[in-house]
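For reference, the chains in residue letters:
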Amino acid sequence: MNLKINKKQLKKALGASMIIMSTAVVSGCDAKTVTEDVTEIYSTIDSNDESGKIDPQVVDVAGEDFKLVIENSIDKADKKWRITSNKQILTKINTKGLPADTEVWIDNIHTDTYIISTTEEMYGIKQDSMDDHSHSEQVLGFPISDTISYYGYNEIEGQDKDFIEGSSYGFNGYSSGTIEQRRHSESEYLEETVYANEISSVYDLWVQKGNQKPYMTTAKSTIVVLVCNEVKKEEDGKVKVYRYDRNGEYTEVTGEK
């Protein structure tokens, strides 16, 4: 069978298919995956309009009947909670329902802090890590009980070199070619739908029951801190205040009370 190919029709068909393919590619690039709302999953401190505290968390300890009570708070009088600023969170830890013949020590606290955004590109980029443990050779760690508490500050860095590198991929995407790495402004993060820090901690515990040898177990917790969503900008010699929503959109709120 002989097939005759009409070059004009072939050219037109190929052109139409290229348009469809181009449209699909453009649509794919424009579409952004929306992430889950972490405030519906974890206990949340709203640094914009609350006291800077949340109700204590009562978390399970692996293999044990007693619990850990964890209280987290931020000092709103000190500074605003921003992605690009160094910030501190105070943690208080004690036990609940600890048997009379049982002793507990915190061997180590490992905490990772991530930035959280509405869209996928910036979601879950690690901002900082912290480990806290006792340096004493006389005890197993920080002693805690129903009446004895551990207090500790976690200092979270704003922009170290690892975070700058990680967030640069979020701003530019994982594409081939040169990726610009630089410090970004607070408003740039807010425009990229960043709205919170997720702070996840693992607590390694020594437990000793009566005269038995101590053994190790663990517990974990996660909280969310909403960032301050207002930014001041100087424009035409005047300072203006803009408030951002979780979609990266902003409105001027200068003079609002």
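As the structure is a computational prediction, the values presented were derived from the model and not from experiment.

### Here we look at the environment of Ser85
Piece 1. Topologically, Ser85 is positioned in the loop between β3 (67-73) and β4 (87-96).
Piece 2. Owing to a relative accessible area of 24%, Ser85 belongs among the partly exposed residues under this scheme.
Piece 3. When the C-alpha atoms of Ser85 and Gln159 are compared, they prove to be 7.4 Å apart, with 74 residues separating the residues in sequence.
Piece 4. In this structure Ser85 touches Ile156, Glu157 and Gly158, once residues within four positions along its chain are discounted.

### Digging into the sheet that holds β3
Piece 1. One open sheet holds the four strands; their spatial order is β2-β3-β4-β8, and the pairing between them is antiparallel. Two strands bound the open sheet, and with one partner strand each, they are β2 (57-60) and β8 (150-156). Direction aside, the axes of adjacent strands within the sheet are offset by 30° on average.
Piece 2. Of the strand pairs in this sheet, β2 and β3 are connected by four bridges, and their pairing is antiparallel. Considered in β3, the bridge of Asp60 is made with Lys67.

### A word on empty space enclosed by the protein
Piece 1. Applying the stated rule across the entire model yields one cavity of 30 Å³ or more.
Piece 2. Reported here for the largest cavity is a volume of approximately 160 Å³.
Piece 3. Those elements that provide at least two residues to the lining of the largest cavity are β3, β4, β5 (102-117), β8, β9 (194-209) and β10 (215-226).
Piece 4. The greatest single-element share of the lining of the largest cavity, amounting to four residues, is contributed by β8.

### Quick notes on the layout of surface pockets
Piece 1. One number sums up the size of the largest pocket: a volume of about 240 Å³.
Piece 2. As for the largest pocket, its lining consists of 15 residues, of which Asn48, Lys80, Arg82, Cys228 and Glu230 are closest to the centre.
Piece 3. Breaking the lining of the largest pocket down by element, the ones donating at least two residues are β11 (230-235) and β12 (238-244).
Piece 4. A total of three residues in the lining of the largest pocket trace back to one element, the largest contributor, which is β11.
Piece 5. Taken together, the residues of the lining of the largest pocket break down into five nonpolar, three polar and seven charged.

### Digging into the confidence of the model for the chain
Piece 1. Residues with a pLDDT of 70 or more make up 84% of the chain, whose mean pLDDT is 86.
Piece 2. Residue range residues 1-29 is modelled with pLDDT below 50. Its contacts to residues more than four positions away, or to other chains, number one contact.

### Comments concerning the pattern of salt bridges
Piece 1. Tallied over the entire structure, the rule returns 11 salt bridges.
Piece 2. As a salt-bridge pair, Asp162 and Lys161 come within 3.4 Å of each other at their nearest N and O atoms.
Piece 3. A salt bridge links Glu235 to Lys240; its shortest N-O distance comes to 3.7 Å.
Piece 4. Owing to a relative accessible area of 26%, Glu235 belongs among the partly exposed residues under this scheme.
Piece 5. A relative accessible area of 22% means that Lys240 is categorised as partly exposed.
Piece 6. Three or more residues joined by partner-sharing salt bridges are found here, namely Glu230, Arg243 and Glu256.

### Thoughts on unusual backbone geometry
Most peptide bonds adopt trans geometry, and most residues besides glycine take a negative phi value.
Piece 1. For Thr193, which is not glycine, the phi torsion reads 70° and is therefore positive.
Piece 2. With respect to the element layout, Thr193 can be found in the loop between α3 (186-191) and β9.
Piece 3. Given the relative accessible area of 7%, Thr193 is considered buried.

### Topic: the side chain of Gln159
Piece 1. Along the polypeptide, Gln159 turns up in the loop between β8 and α2 (161-172).
Piece 2. Here His184 takes part through its backbone oxygen, which lies 3.0 Å from a polar atom of the side chain of Gln159.
Piece 3. Once residues within four sequence positions are removed from consideration, Gln159 is found in contact with Thr84, Ile164, Arg183, His184 and Tyr189.

### Describing the sheet that holds strand β13 (residues 250-252)
Piece 1. Strand order in this open sheet of three strands is β11-β12-β13, and the pairing throughout is antiparallel. Where the open sheet ends on each side, the last strands, each with one partner, are β11 and β13. Averaged over all neighbouring strand pairs, the angle between strand axes comes to 35°, with direction disregarded.
Piece 2. Sheet topology places β11 next to β12; six bridges connect them, and they run antiparallel.

Conventions and cut-offs
Residues numbered from 1 in each chain as written. Predicted model: local features only at pLDDT ≥ 70, side-chain atom pairs only at ≥ 80, totals over all residues. Heavy atoms only, no water. Helix = DSSP H or I, 4+ residues; strand = E, 2+ residues; numbered from the N terminus. Buried < 20%, exposed > 50% of the residue type's maximum accessible area, 1.4 Å probe, protein only. Contact = heavy atoms within 4.5 Å. Pairing = 2+ DSSP bridges. Axes fitted to C-alpha atoms, helices over the stretch in contact; angles between N-to-C directions. 1 Å grid on protein atoms, 1.4 Å probe; cavity = no way out; pocket = protein on both sides within 12 Å on 5 of 7 lines; lining within 4 Å. Points joined across faces, edges and corners; volume = space filled by probe spheres on them. Nonpolar A, V, L, I, M, F, W, Y, C, P; charged D, E, K, R; others polar. pLDDT = per-residue confidence, 0-100. Salt bridge = Lys/Arg side-chain N within 4 Å of Asp/Glu carboxyl O. Polar contact = N/O pair within 3.5 Å; in protein donor to acceptor, adjacent residues only side chain to side chain.

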